[in-house]
Amino acid sequence: MRKWGSAVSSLDEFGRIRLWTEGRQKADFLSRAGVVCGIGDDAAVVAGEGSGSEWLVAADAMVEQVHFLDETMGEADVGFKALAANVSDIAAMGGEPKFALVSVCVPPAWNEERMRRLYDGLYECAERYGVAVIGGDTTSAPRDLVVAVTAIGTVEAGRAIRRSGARSGQIVFLTGPTGLSAAGLHALQRIGAAEGAERARLADLLPQRLVQAHRRPVPSVKAGRILAQMGWGASLNDVSDGVASEAWEIAEASQVKLVLKEKLLPLSGELTAYAGDNGLRAADLALFGGEDYVLLGTADKSCEQEMRERLRAEGIPLFVIGEVEAGQPGVELESADTGLRRPLAKRGYNHFSEGTMQT
Ligand SMILES: Nc1ncnc2c1ncn2[C@@H]1O[C@H](COP(=O)(O)OP(=O)(O)OP(=O)(O)O)[C@@H](O)[C@H]1O
Ligand SMILES: Cc1ncc(C[n+]2csc(CCOP(=O)(O)O)c2C)c(N)n1
Ligand SMILES: [Mg+2]
Ligand SMILES: [Mg+2]
Ligand SMILES: [Mg+2]
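It should be emphasised that the depicted structure is a prediction, and the values quoted were computed from it without experimental measurement.

(A) Focus on the UniProt feature "binding site: Mg(2+) 3" (unreviewed entry) in the chain. Cross-referencing UniProt, the feature "binding site: Mg(2+) 3" (unreviewed entry) maps to Asp-42, Asp-89 and Asp-238 in the present numbering. Spatially, the listed residues are clustered: although they cover 197 residues, their C-alpha atoms lie within 7.7 Å of one another. Along the chain, Asp-42 falls in the loop between strand 1 (35-37) and strand 2 (44-47). Topologically, Asp-238 is positioned in strand 8 (residues 235-238). Since its relative accessible area comes to 1%, Asp-238 is described here as buried. Not counting residues up to four positions away in its chain, the partners in contact with Asp-238 are Asp-42, Ala-85, Ser-88, Asp-89, Ala-92, Glu-246, Tyr-293, Val-294 and Leu-295. In terms of polar contacts, Asp-238 uses its side chain to reach the side chain of Ser-88, at 2.6 Å.

Next up, the structure:
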């Protein structure tokens, strides 16, 4: 499928961001400007004006062909998911989403009616998470649609949960199952590639729960708020690029080793059934698929019971999937079959990388 070969640079997405930004602005300038946490987390944390809260600011774009195709997402789904992905980055800091700016670059194929449907989905998401849409920008585009959202939220001062807080001895947890979105995408792309009667047959068999997970992800705002307000979350990330990739980000930011246990991965019945029927490994989809928007984090073992009960009271599961150890920063996976530990590939969705999972 899509590949971004380049003779000039072999840097992946994260290498490029570092190359473009690292060392450009001095720490004391940023700190005087009120930047509590800048580039490198799900959202920036910026000082509030003397109140007990801080601002959270995050930006994520969705691009036709890269994030969606006609056959994978309806117009309203694109609008909903563009905002949901941003709300999720606010949730990943433990914050409350408040405002959004929405920029669209619109190609000729996206006529007034299609764009109106996109905004129906976007406002549906805004309503659901209490986000006020306060501006944006509109341009024409030559071919593919781009929706770029900036989300603004708040969090109690000093309570934002960063990627860098993981410590040896902590548990690694997920607030929901993963891999469903990638399986839904797989099913939708198979239909897109089929023709005639086969297409109709696949459409009839469409795994609706998996498709829904792909088209209408649920950002984990409530879970993030509980973890921040109670001070339980030591480190936190939302799962956009896949569990393995997010775990690596926490490990590197915290300078620790995360050991994940394959047999503890929450694999839903729908996922294992779909994977089994289609020659896929459910654990691979769960580890490398992405676009799940549940939270992956670490917390002190002593919090586990209380955390579990408090989350359960809100209908949110807590899956402990491993633990944090001291040592060379990285991620290891303990095999369900052999019990042996192996380094877990830093694989997942990476713009500009060959390692990206192609479903
Ligand atoms: N072009 C850029 N210029 C400056 N900072 C950037 C740029 N692209 C990304 N960043 C910053 O780099 C960090 C990592 O971005 P990344 O997009 O991986 O995080 P994320 O939004 O949580 O993940 P995802 O996009 O997969 O949902 C964030 O702090 C982000 O604001
Ligand atoms: C047509 C099509 N092909 C592939 C994918 C998979 N995909 C695209 S971006 C991404 C990570 C999250 O995005 P970002 O990191 O930009 O926030 C993933 C898993 C898709 N959704 N649609
Ligand atoms: Mg994120
Ligand atoms: Mg991003
Ligand atoms: Mg990403």
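(B) Local environment of the pairing of strand 3 (residues 53-63). Pairing between strand 2 and strand 3: four bridges, direction antiparallel. Of the residues in strand 3, the one forming a bridge with Val-46 is Trp-55. Connecting strand 2 to the next strand, strand 3, in antiparallel fashion are five residues, including Gly-50 with a positive phi near 75°. Summarising the sheet, strand 3 and strand 6 (residues 146-156) pair through eleven bridges and their orientation is antiparallel. Counterpart to Ala-59 in the pairing with strand 6 is Thr-150.

Each value, and the rule that gives it
Residues numbered from 1 in each chain as written. Chains lettered and ligands numbered in written order. Predicted model: local features only at pLDDT ≥ 70, side-chain atom pairs only at ≥ 80, totals over all residues. Heavy atoms only, no water. UniProt positions renumbered as here; feature names shortened; annotations may be inferred. Helix = DSSP H or I, 4+ residues; strand = E, 2+ residues; numbered from the N terminus. Buried < 20%, exposed > 50% of the residue type's maximum accessible area, 1.4 Å probe, protein only. Contact = heavy atoms within 4.5 Å. Polar contact = N/O pair within 3.5 Å; in protein donor to acceptor, adjacent residues only side chain to side chain. Pairing = 2+ DSSP bridges.

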